[in-house]
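The lines below spell out each chain.
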Amino acid sequence: MGFRKDFVWGGATASYQIEGAAYDDGRGLSVWDMFCKQEGRIKDGWNGDVACDHYNLYQTDVDLMKEIGYKAYRFSIAWPRILPEGTGAVNEKGLDFYDRLVDSLLEANITPYVTLFHWDYPYELFRKGGWMNPDSPKWFADYADIVARRLGDRVKNIFTHNEPQCFIGMGYQDTEHAPGIRFPIWDTLLMAHNVLLGHGYAIQALRAAIPDAKLGIAPTCSAHYPDTDSPEDIEAARKAIFDIEPDRPFWSVSLWSDPVFKAEYPKKLWDLFGQHMPKIGADDMKIISQPLDIYGQNIYNGQAIRSDGKGGYDFVQRPWGNPITAAKWPITPKALRWGPKFMFDRYGKPIYLTENGLSCQDAVSLDGKVHDPNRIDFLHRYLKELRNAADDGVDILGYFHWCVTDNFEWAKGATERFGMIYCDFETQERILKDSAYWYRDVIRANGENL
Ligand code: IFM
């Protein structure tokens, strides 16, 4: 069977990680600007002030994407570039930038996929309580409406939030990401609820402004997979992937996706934190569960699961010396077969792999090229498993490699290179890595050469 004929091959980025121009043309501050100013937060003290200077070099990047043969490009919009205070006055110059970018993509025959929020939350709204403020869902919807009215004639694929697991879990629980302040569980659960309400209100606004748009959300997951093909292990892995860990609830899939697709919070969340859950308004779950067209999944890895023989599951210890990426993330290609399958079985929505990739210690060789065999091997293995998922009947619409270029990798700064395009952060020179040429061939063959 293989990938569908109209399979969407592309790459993804996020505004704060590549744009730079952090203080130009009226952009407001985000929590990430302020987080980076705090000593010790970012490896080697880097920040997104310039990053890949994509704000100025976007045409170069679009040209390179075209050279690779991308059919689509997923990028995020910097909320504070559009609304410097988060709400109120609109910064026309910010909208102009995305206008230019979208036009340039369409000119190159690359379909734009927009993510509204990939973590650069307006600092002025954070000062008003951020996602804890009861008005925060409406702030997000108003922002969505402004973007839709400006870009909706050309942008027809939109995701609301990217990885709510991370911006809530890592921002307010682990504190490794902005704003890096630990809040008690009841406040963090309230934030999560407002994030979901914001998603629902934004979908209403987007639907009204762009009736022919395909709308979705792009969470992430640890895509656990069965250790064997036995029905018991498969059901155990399914259980594990949707489970909620008491000490890391925000990392779960079901906390975010059950409300969106099933209009309810999972029972286990109530069992664990019932007394800390926010007050749920009469219409809240209806608003959160607005019908969606597409489901984005960012999947990097998972863990093998075995049935414990009692209806539960056990994590299988990874073999000694199990391959890892430069970020020390385990390499587990089966995550791309079973993650999408379990999501499709539970939520029934067509899936885009909205992020997948790895960081390597890439460098320019003496021959002036960037050889990244590990990336090619990783992608080859993962894409084969994704194709297996498609063969299993999972409706997979497309794949966005993370990341188009090397970029500002959040707290890890410049120490992790995720791109297919090498970026020299001093000179802003770009070089297509070997994997980019390899990916070009995969796109041309629609994955049949894998
Ligand atoms: O760089 C991030 C991205 O912003 C969100 N998903 C994971 C990537 C790699 O860490």
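The coordinates are above.
The shown structure was predicted, so the numbers you read here are calculated from the model rather than taken from an experiment.

Caption draft 1: Structural context of the side chain of His 199. Note on placement: His 199 falls in helix α9 (residues 185–209). In contact with His 199, other than residues within four places in its own chain, are Phe 140, Thr 160, His 161, Gly 216, Ile 217, Val 260, Ile 288 and Leu 292.

Caption draft 2: Representation of helix α11 (residues 254–262). When you tally the buried positions in α11, you get 8 out of 9 residues, the bulk of the element. Looking only at α11, the buried set comprises Ser 254, Leu 255, Trp 256, Ser 257, Asp 258, Pro 259, Val 260 and Phe 261. Looking one or two places after α11, you find Ala 263, whose phi comes out positive at around 60°.

Caption draft 3: Inspection of the packing of α9 against α11 at higher detail. Orientation of α9 relative to α11, taken along the N-to-C sense of each, is 40°, at an axis distance of 11 Å. The element α9 and its partner α11 pack so that their crossing is right-handed. Of the residues in α11, those in contact with Ala 192, Val 195, Leu 196 and His 199 of α9 are Leu 255, Trp 256, Pro 259 and Val 260. Residues of the contact of α9 with α11, tallied by class, amount to 7 nonpolar, 1 polar and no charged.

Caption draft 4: Main features of helix α14 (residues 335–347). Look at α14: 17 Å from first C-alpha to last across 13 residues, which is about the 18 Å you get at 1.5 Å a residue. Those residues of α14 lying buried are Ala 335, Leu 336, Trp 338, Gly 339, Pro 340, Lys 341, Phe 342, Met 343 and Tyr 347. Positioned one or two residues after α14, Gly 348 has a phi angle of 70°, which is positive.

Caption draft 5: Layout of the pattern of salt bridges. Summed over the entire model, instances satisfying the criterion amount to 33 salt bridges. Between Arg 207 and Asp 293 there is a salt bridge, with the nearest N and O atoms lying 2.9 Å from each other. Of this pair, Arg 207 sits in helix α9 while Asp 293 sits in the loop between α13 (284–288) and β8 (294–299), placing them 86 residues apart in sequence. Among the residues examined, Arg 207 registers a relative accessible area of 27% and is labelled partly exposed. Residue Asp 293 is classed as partly exposed on the basis of its relative accessible area, which comes to 24%.

Caption draft 6: Local environment of the sheet that holds strand β10 (residues 313–315). With respect to topology, 3 strands assemble into an open sheet ordered β7-β9-β10, the strand pairing being mixed. With partners counted over all chains shown, the strands left at the sheet margins are β7 (225–226) and β10, one partner each. Two elements, β7 and strand β9 (residues 304–307), share 2 bridges in a ladder whose sense is parallel. Residue pairing across strands places Pro 226 opposite Ile 305, the latter belonging to β9. Across the sheet, helix α10 (residues 231–241) lies against β7, β9 and β10, angled at about 120° from β9, the strand it touches most.

Caption draft 7: Quick look at the pairing of strand β2 (residues 72–76). In terms of burial, β2 is largely enclosed, as 5 of its 5 residues are buried. Of the two faces of β2, both are covered, the one formed by Ala 72, Arg 74 and Ser 76 as well as the one formed by Tyr 73 and Phe 75. As paired strands, β2 and strand β3 (residues 111–117) are joined by 5 bridges and run parallel to one another. Across the sheet, residue Arg 74 finds its bridge partner in β3, namely Tyr 113.

Caption draft 8: Layout of unusual backbone geometry. With omega at 0°, the peptide bond leading from Ala 178 into Pro 179 counts as cis. Along the chain, the position of Pro 179 falls in the loop between α8 (164–173) and α9. The omega torsion of the bond from Trp 402 to Cys 403 falls at 20°, within 30 degrees of zero and hence cis. Tracing the chain through its elements places Cys 403 in the loop between β12 (396–402) and β13 (421–423).

Caption draft 9: Examining the site of the ligand more closely. In the vicinity of the ligand, the contacting residues are Gln 17, His 118, Trp 119, Glu 163, Tyr 300, Trp 329, Glu 355, Trp 402, Glu 409, Trp 410 and Phe 418. Taking His 118, its side chain carries an N or O atom lying 2.8 Å from an oxygen atom of the ligand. Here Trp 410 contributes a side-chain N or O atom positioned 2.8 Å from an oxygen atom of the ligand. Out of a free accessible area of 280 Å², the ligand has 95% covered by protein chains. Looking at side-chain class alone, the shell around the ligand contains 6 nonpolar, 2 polar and 3 charged residues.

The rules behind the values
- Residues numbered from 1 in each chain as written.
- Predicted model: local features only at pLDDT ≥ 70, side-chain atom pairs only at ≥ 80, totals over all residues.
- Heavy atoms only, no water.
- Helix = DSSP H or I, 4+ residues; strand = E, 2+ residues; numbered from the N terminus.
- Contact = heavy atoms within 4.5 Å.
- Buried < 20%, exposed > 50% of the residue type's maximum accessible area, 1.4 Å probe, protein only.
- Axes fitted to C-alpha atoms, helices over the stretch in contact; angles between N-to-C directions.
- Left-handed = near helix turned anticlockwise from the far one by under 90°.
- Nonpolar A, V, L, I, M, F, W, Y, C, P; charged D, E, K, R; others polar.
- Expected span 1.5 Å × (residues − 1).
- Salt bridge = Lys/Arg side-chain N within 4 Å of Asp/Glu carboxyl O.
- Pairing = 2+ DSSP bridges.
- Near = heavy atom within 4 Å.
- Polar contact = N/O pair within 3.5 Å; in protein donor to acceptor, adjacent residues only side chain to side chain.
- Areas by Shrake-Rupley, 256 points an atom, 1.4 Å probe, with all protein chains shown as cover.

Honestly, it's all geometry; don't read function into it.
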